[in-house]
Amino acid sequence: MGKSTVTGRINAIAMDLLEQHPEGLRWSELLSKIEESDPTFHPKTVNGCVWKLVEKYPEKVYKPSKGLFRLVKYKSTIPQS
């Protein structure tokens, strides 16, 4: 995950945010938190990066339910309903 590109920086921020929220973050929350962290990011670039998180990092990120992103390492820490 290179931090030198815009998408690399967005992905790094997304991973940091998911690390801070073991319960996971909804798509809209993740989007707004990334945009708040750096207002220079273009909203469509942020949207594209978040949309592809699971596809790009399947070993790190998963979606336990529609619109919810969590780190794989927290998969068994919170029971699913």
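Scoring rules and cut-offs
- Residues numbered from 1 in each chain as written.
- Predicted model: local features only at pLDDT ≥ 70, side-chain atom pairs only at ≥ 80, totals over all residues.
- Heavy atoms only, no water.
- Helix = DSSP H or I, 4+ residues; strand = E, 2+ residues; numbered from the N terminus.
- Rg over C-alpha atoms; globule rule 2.2 N^0.38 Å.
- Buried < 20%, exposed > 50% of the residue type's maximum accessible area, 1.4 Å probe, protein only.
- Contact = heavy atoms within 4.5 Å.
- Areas by Shrake-Rupley, 256 points an atom, 1.4 Å probe, with all protein chains shown as cover.
- Lys, Arg positive; Asp, Glu negative; His and termini not counted.
- Charge placed at Lys NZ, Arg CZ, Asp CG, Glu CD.
- Expected span 1.5 Å × (residues − 1).
- Core = buried A, V, L, I, M, F, W, Y, C linked by side-chain atoms within 4.5 Å.
- Axes fitted to C-alpha atoms, helices over the stretch in contact; angles between N-to-C directions.
- Parallel < 35°, antiparallel > 145°, perpendicular 65-115°, else oblique.
- Left-handed = near helix turned anticlockwise from the far one by under 90°.

Focus: the overall build of the protein
Each helix and strand counted, the protein has four helices and three strands in total. Written out in order from the N terminus, the α and β elements of the protein read α-β-α-α-α-β-β. Relative to the compact-globule value of 12 Å for 81 residues, the protein shows a C-alpha radius of gyration of 12 Å, a close match. Taken along the three principal axes of its C-alpha coordinates, the protein extends 35 × 20 × 20 Å. Counting every position in the protein, which comprises 81 residues, the buried fraction comes to 35%. The long-range fraction of contacts in the protein, counting pairs at least 24 apart against all pairs at least 6 apart in sequence, stands at 48%. A total accessible area of about 5100 Å² is found for the protein, and carbon and sulfur atoms account for 56% of it. For the protein, the distance from the average position of its 13 positive side-chain charges to the average position of its 9 negative side-chain charges is 5 Å.

A short note on helix α1 (residues 6-20)
With 15 residues, α1 extends 21 Å from end C-alpha to end C-alpha; this agrees with the ideal 21 Å at 1.5 Å per step. Taken residue by residue, α1 has G8, I10, N11, A12, A14, M15, L17 and L18 as its buried positions. Taken together, the buried residues of α1 touch β1 (25-26), α2 (27-37), α3 (43-51), α4 (53-56), β2 (61-65) and β3 (68-71).

Things to note about the nonpolar core
Soluble globular proteins: nonpolar side chains tend toward being buried together. Of all hydrophobic cores here, the largest spans 19 residues; its most connected members are L30, I34, L53 and V61. Those elements giving two or more residues to this core turn out to be α1, α2, α3 and β3. Among the elements that take part in this core, α1 stands out by supplying five residues, more than any other. Setting aside its immediate chain neighbours within four residues, L30 contacts A14, L17, L25, V50, L53 and F69.

Things to note about the packing of α2 against α3
Two elements in contact, α2 and α3, have axes whose closest approach is 10 Å; the angle formed by their N-to-C orientations is 135°. Classed by the angle they form, the pair α2 and α3 counts as oblique. With respect to the hand of their crossing, α2 and α3 are arranged in right-handed fashion. From α2, W27, L30, L31, I34 and E35 reach across to α3, where they touch P43, V46, N47 and V50.

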